[in-house]
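The primary structure of each chain is shown beneath.
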Amino acid sequence: MQMNGCSAEKILKKLGKIMGADMSYEEPGILGSMCTSPLEFANQIFATYLHKNLGDPGLWLGTWAIERDVIKMLGNLLNDPNCSGYLVTGGTEANLIAMKAARDTARFDGRSEIVVPESAHASFDKAADLMRLKVIKVPLNEEYTVDIEGVEEAISKRTVAIVGIAGSTSLGTIDNVEKLSEIALDHGIYLHVDAAFGGFVIPFMKRMGYELPKFDFELPGVLSITVDPHKMGLGPIPSGGILFRSEQNIVKSFYNIPYLAGGKFKQATIVGTRSGASVIATWAIMKFLGIMGYIDIVRKCMKLTNYFADSLREIEGIKLVREPVMNIIGFTSNKFSNYKIDKELRRKRWAIGCFPDMLRVVVMPHIQKSHVDKFIHDLKKITASLIPEETPKDKYYL
Ligand code: 0PR
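Now for a description of the structure that goes with this document.

Reading guide: rules and limits
Residues numbered from 1 in each chain as written. Predicted model: local features only at pLDDT ≥ 70, side-chain atom pairs only at ≥ 80, totals over all residues. Heavy atoms only, no water. Helix = DSSP H or I, 4+ residues; strand = E, 2+ residues; numbered from the N terminus. Rg over C-alpha atoms; globule rule 2.2 N^0.38 Å. Buried < 20%, exposed > 50% of the residue type's maximum accessible area, 1.4 Å probe, protein only. Patch = residues over 30% accessible without salt bridge, like charges linked within 9 Å, V, L, I, M, F, W, Y side chains within 5 Å. Areas by Shrake-Rupley, 256 points an atom, 1.4 Å probe, with all protein chains shown as cover. Salt bridge = Lys/Arg side-chain N within 4 Å of Asp/Glu carboxyl O. Pairing = 2+ DSSP bridges. 1 Å grid on protein atoms, 1.4 Å probe; cavity = no way out; pocket = protein on both sides within 12 Å on 5 of 7 lines; lining within 4 Å. Points joined across faces, edges and corners; volume = space filled by probe spheres on them. Nonpolar A, V, L, I, M, F, W, Y, C, P; charged D, E, K, R; others polar. Domains from an automatic or database assignment. Axes fitted to C-alpha atoms, helices over the stretch in contact; angles between N-to-C directions. Phe/Tyr/Trp six-rings, centres within 6.5 Å; stacked < 30°, edge-to-face > 60°. Lys NZ or Arg CZ within 6 Å of the ring centre and 35° of its normal. Right-handed = clockwise from strand over helix to strand, strands pointing away.

**Looking at the overall build of the protein chain**
Next, step 1: Within the protein chain, the secondary structure is distributed over eleven helices and 13 strands.
Next, step 2: A compact globule built from 398 residues would reach a C-alpha radius of gyration of about 21 Å, and the protein chain, at 22 Å, matches this within 12%.
Next, step 3: With the C-alpha coordinates of the protein chain rotated into their principal frame, the extents come out at 65 × 65 × 40 Å.
Next, step 4: Here the protein chain holds 398 residues, and the buried ones make up 54% of them.

This is the structure in structure tokens:
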């Protein structure tokens, strides 16, 4: 082969230099990510199967069978082993596919609104923008979960879907999906649950003895669930999951692409060419860890979450927004601007989440106790050096 590019050695050297700007999961710093370092075993498998493409499953029948098995395992975790679904690029695509399934069922009947909690991830705004739907945002109650009366008031003859969240982006809260399920059934409206984060946390916490609300297919009104392996599932990026209670919930979204090998495969995904490697690696991790492996990981994260929360509570001027529900902690200050705190933290290479009204850390498996101790030390120093404000006002600063 004739090539006129750089030598492999030169490219690797250059890459090494550029990558120095990236943060890493090993060093203290990444406290605001919902992704983590995949298991080494998963990395090896991912690299072995990079060429597999589920956009043309007729060519890759083994990979397709593996995907069916992953969907079954996810369904087992979420109380319906007979569900249908796909592994897609992430929670955003999964939520988009769910909203599209709901919209496609309602197509041409004049319905055009989705009712979501105020805490819903931006992916619902994106989905609505793409499909010209209107998003009705329902305020939260004092628990920071969706106000059920608010949902009832927001529903109208234009409602295409209701969304509940199990593990919200900012606080990890779980909406009262049991009530949402009743409402959805009463009104005959599609109910989707975004468990992109919580889907790989709540089932294990329940097995550990935590009392957490029902949120999955156990509730008859729930028609689809987002659950992402590339968050707490420890899978490689990209791997998001979309599950449907029944294939009936998605038939209106199927595209027939008959020229593809074994043309019988219908697609409801947004993308065509689709990573088989992610699916195979997710399958391998789920088989490898098993329920006990995930329980162990979640137990460690929760232990560190409690330690982190207690340490935050001791800092003068800092208070928790609410008791953590899972391994996500929201905190704020009645003395200092969150934005200023975040800015100072960033100067010290700490990357946390800065929301309009709170700061957030996600206690992922890559976080060590030593990282937490260093963070608390730095945060104490920062708050001690900032000048207290009478009424700190924070605006979204994007
Ligand atoms: N649903 C919920 C509840 C989420 O929290 C997220 C993302 C999504 C859906 C969308 O998932 P994808 O990002 O896979 O499309 N939650 C995090 C966020 O936006 C994702 C994240 C991951 C953020 C890594 C930062 C980071 O470093 O806050």
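Now that the structure has been shown, the text picks up again.
**Some words on a nonpolar patch on the surface**
Next, step 1: On the surface, I11, L12, L15, I18 and M19 cluster together to form a nonpolar patch covering roughly 470 Å² of accessible area.
Next, step 2: You can see L15 is positioned in helix α1 (residues 8-19).
Next, step 3: Judged by its relative accessible area of 37%, L15 is partly exposed.

**Some words on the sheet that holds strand β12 (residues 353-354)**
Next, step 1: Sheet architecture is open: four strands sit in the order β10-β11-β13-β12, paired in antiparallel fashion. Edge positions in the sheet fall to β10 (318-320) and β12, since each has one partner strand and no second.

**Details of the layout of surface pockets**
Next, step 1: Its volume calculated, the second largest pocket comes out at about 350 Å³.
Next, step 2: Lining the second largest pocket are 21 residues, with M34, H121, T169, K231 and R360 positioned closest to its centre.
Next, step 3: It is helix α4 (residues 91-105) that contributes the most residues to the lining of the second largest pocket, three residues altogether.
Next, step 4: Considered class by class, the residues forming the lining of the second largest pocket number six nonpolar, eleven polar and four charged.
Next, step 5: When residues of the lining of the second largest pocket are assigned to domains, at least three fall in each of domain 1 (10-38 + 290-385) and domain 2 (40-288).

**Here we look at the pattern of salt bridges**
A side chain with one charge can pair with a side chain of the opposite charge if their charged atoms come near.
Next, step 1: Per the stated rule, a full pass over the model turns up 21 salt bridges.
Next, step 2: Between E67 and R274 there is a salt bridge; the shortest N-O distance is 2.6 Å. With E67 in helix α3 (residues 61-77) and R274 in the loop between β9 (266-267) and α9 (276-313), this residue pair connects regions lying 207 residues apart in the sequence. Just as E67 is buried, R274 falls in that class too.
Next, step 3: Of the charged contacts in the structure, one is a salt bridge between R158 and E113, with a shortest N-O distance of 2.9 Å. Of this pair, R158 sits in the loop between α6 (148-154) and β4 (159-165) while E113 sits in strand β2 (residues 113-117), and the two are 45 residues apart along the sequence.
Next, step 4: Its relative accessible area of 5% is what places E113 among the buried residues.
Next, step 5: Residues joined in a network through salt bridges with shared partners are K100, R103, D104 and R107.

**Let's talk about empty space enclosed by the protein**
Next, step 1: If you walk through the whole model with that rule in mind, you get two cavities of 30 Å³ or more.
Next, step 2: Estimates place the volume of the largest cavity at around 40 Å³.
Next, step 3: Looking at the largest cavity, the residues that line it are L54, P57, W64, Y86, F265, K266, Q267, T269 and R274.
Next, step 4: Of the residues in the lining of the largest cavity, the class split is five nonpolar, two polar and two charged.

**Brief notes about the sheet that holds strand β5 (residues 190-194)**
Next, step 1: Taken in spatial order, the seven strands of this open sheet run β1-β7-β6-β5-β4-β2-β3, and their pairing is mixed. Each having just a single partner strand, β1 (84-88) and β3 (134-138) make up the two edges of the open sheet. Each strand of the sheet is rotated relative to its neighbour by a mean of 20°, with strand direction disregarded.
Next, step 2: Judged from the three bridges that link them, β2 and β4 form a sheet pairing that is parallel. By the bridge assignment for β4, V115 is matched with I162.

**Considering the packing of aromatic side chains**
Next, step 1: Using the criterion set out here, one finds six aromatic pairs in the structure.
Next, step 2: On the numbers, 4.9 Å between centres and 45° between planes, the contact of F41 with F288 is tilted. Here F288 lies in helix α9 and F41 lies in helix α2 (residues 40-48), a separation of 247 residues in the sequence.
Next, step 3: On the basis of relative accessible area, F41 is assigned to the partly exposed category, the value being 32%.
Next, step 4: Members of the aromatic cluster, connected to one another through ring pairs, are F200, F204 and Y294.
Next, step 5: Lying across the ring of W64, R68 places its NZ or CZ 4.1 Å from the centre.

**Some details on the pairing of β5**
Next, step 1: Burial within β5 is extensive, with five of its five residues counted as buried.
Next, step 2: The alternating pattern of β5 places Y190, H192 and D194 and L191 and V193 on opposite faces, both of which are buried.
Next, step 3: Pairing of β4 with β5, which is carried by five bridges, proceeds in the parallel orientation. Each bridged residue has a counterpart across the sheet, and for I165 the counterpart in β5 is D194.
Next, step 4: As for the winding sense of the linkage, the β-α-β connection from β4 through helix α7 (residues 177-187) to β5 is right-handed.
Next, step 5: Of the crossover connections in this fold, the one passing from β5 over helix α8 (residues 202-207) to the parallel strand β6 (residues 222-226) is right-handed.

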